[in-house]
Amino acid sequence: MKTIQHWINGAPTPGSAAGTQPVFNPATGAEQAQLVLGGASDVDTAVAAAAAAFETWSESSLSQRTQVMFNFRQLLVEHEEELGRIISAEHGKTVDDARGEITRGREVVEFACGLGDVLKGAFSDQVSRGVDVHNFRRPLGVVAGITPFNFPAMVPLWMHPIAIATGNTFLLKPSERDPSAANFVAGLYQRAGLPDGVFNVVHGGKPAVDAILAHPGIKAVSFVGSTPIAKYVHETATAHGKRVQALGGAKNHAVVLPDADLEFAANHITAGAYGSAGERCMAVSVAVAVGEAADGLVEVLERKAREVRVGPGDRPGTDMGPLVTRAAQERVENAVGGAAVQGATVVVDGRGLKVEGHEEGFFTGPSLLDHVTTEMDAYKEELFGPVLAIVRAESLDQAIDLINANPYGNGTALFTASGEAARRFQRKVDVGMIGVNVPVPVPMSYYSFGGWKDSLIGDSPIHGPEGIRFYTRPKVVTTRWPRTEQQVNAGFNFPTSS
């Protein structure tokens, strides 16, 4: 039985022996490793290593940091298949899906490779007689990331490349459900030339999280997860004087207008709803069928849902793998049953699916629910599984009102052939990330990722320009260099330019 340890100061370490917990293969239901759990003492050890490394790493040249990022990016390319299989074995998603998340994470590394240009400050000459002003940005120190199970490579890659490239040192607390990707990435960083102690990994649950949130040596915390925990992280970390990025849950709607190509819309909504078994914060969980589009859309969505090939993530041709845990499988299937009791029409029922040769795996099939109302639990709750709810609306304005009334505002999409409708939608909808004929509108790395309302606690999105601002703070310098023979009178009044 493999034991997964922490990674501190450039090497695996068993830590304080605070206990272990099993890591499962979701496709088989079998235990495949034991994970060492960390606590306050392990966080202390990691922070001490990171603080020591910060003294030299923060003074390294931009050229040195950039070279490490270029090396790291190339290693991610070379080991994409291996890392993808590690993710698939612990998360359950298909290997191709895992490779896709690695690619999207690698885009942030590529953005970090160009930080030499982005970090350039400004200079103002002669703001007063003989006085100039310039500014530059400095790293914060030791920063931390607390990341979810659903993207064990991509979400951490949205954080640590920018933090490290701007001169910080980093402590990652990944999900205990699929922890191996974090250690693998730590090894790639070491091979890329990153000094020991700059990137550290501490595994564990709430004790490790609480230690990070309260530790005086950690200057900032980045978090992605559910809204209740995002609120807890934000409140606790800010109370301890830290900067916080806290991204929460979602209930993403895809609106389909009557002028849309229904085959195109249904194809993309199906992929957006059932890809990665719906375990994405940007998954399409609600299709809003407007007017006469409804019946035709349901017909095509039913056919598409029944065509989804469910199986182990490493099997060629699989579209959708298992859920991450037995508890997740049971929760999702109970939600489908609850929707039926509350009056929804179960068009496609994914409950009770058994995959031959993997009967003990955490599988459930795609489920499609029609005639869902906003009062039903299947609409209100973030199910985080392969369940697509169809809500019917009479008009685009009614669909917009429905989305705006929802407490979440992470992502949304509109399928239409009308530019006027698209423009009205993107201006009126209270959502942070919008797709027009794009079901999963995750921005590129040079834009920032973050929703509105309960999908983002606080005001700090992740990666892109917002990431640079989050992991650095500005210094503004005002200078005068008088000639020795020049007399400059000092005044007791507040200084002004002249």
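Check the entry above for the structure.
Calculation rules
- Residues numbered from 1 in each chain as written.
- Predicted model: local features only at pLDDT ≥ 70, side-chain atom pairs only at ≥ 80, totals over all residues.
- Heavy atoms only, no water.
- Helix = DSSP H or I, 4+ residues; strand = E, 2+ residues; numbered from the N terminus.
- Expected span 1.5 Å × (residues − 1).
- Contact = heavy atoms within 4.5 Å.
- Pairing = 2+ DSSP bridges.
- Axes fitted to C-alpha atoms, helices over the stretch in contact; angles between N-to-C directions.
- Core = buried A, V, L, I, M, F, W, Y, C linked by side-chain atoms within 4.5 Å.
- Buried < 20%, exposed > 50% of the residue type's maximum accessible area, 1.4 Å probe, protein only.
- Salt bridge = Lys/Arg side-chain N within 4 Å of Asp/Glu carboxyl O.
- Right-handed = clockwise from strand over helix to strand, strands pointing away.

### Regarding helix α10 (residues 227-239)
Given a rise of 1.5 Å per residue, 13 residues ought to cover 18 Å, and the 18 Å separating the end C-alpha atoms of α10 matches this to within 8%. Lining the buried residues of α10 we find α9 (206-214), β11 (218-224), β12 (243-247), β18 (408-409) and β22 (456-457).

### Remarks on the sheet that holds strand β23 (residues 472-480)
Across the sheet, which stays open at both edges, the three strands sit in the order β6-β7-β23 with antiparallel pairing between neighbours. Unpaired on one side and paired on the other, β6 (123-128) and β23 mark the two borders of the sheet. On average, adjacent strands in this sheet sit at an angle of 30° to one another, irrespective of strand direction. Two elements, β6 and strand β7 (residues 131-139), share three bridges in a ladder whose sense is antiparallel. In the strand pairing of β7, Ser124 is matched with Val133.

### Description of the nonpolar core
With 67 residues, the main nonpolar core has Val255 and Leu388 as its most contacted residues. With near-sequence residues (within four places) excluded, Leu388 lies in contact with Ile269, Ala273, Tyr274, Val284, Ser285, Val286, Ala287, Leu301, Ser367, Leu368 and Leu369. With 58 residues, the next largest nonpolar core counts Trp7, Leu83, Leu140 and Met433 among its residues.

### Let's talk about the pattern of salt bridges
Per the stated rule, a full pass over the model turns up 24 salt bridges. The shortest N-O distance in the salt bridge between Glu81 and Arg85 comes to 2.8 Å. Taken as a pair, Glu81 and Arg85 lie in helix α3 (residues 80-91) at a separation of four residues, close to a single helical turn. Of the residues examined, Glu81 reaches a relative accessible area of 32% and is grouped as partly exposed. Note on Arg85: relative accessible area 41%, which makes it partly exposed. A salt bridge links Glu110 to Arg106; the shortest N-O distance between them is 3.9 Å. One end of the pair, Glu110, and the other, Arg106, are both in helix α4 (residues 95-113), four residues apart, so they sit about a helical turn from each other.

### Notes on the pairing of strand β20 (residues 433-436)
Residues Met433 and Gly435 line the buried face of β20, whereas the alternating positions Ile434 and Val436 sit on a face that is not buried. As paired strands, strand β19 (residues 411-415) and β20 are joined by four bridges and run parallel to one another. Residue pairing across strands places Leu414 opposite Val436, the latter belonging to β20. After leaving β19, the chain enters helix α16 (residues 419-428) and then returns to the sheet as β20, a path that is right-handed.

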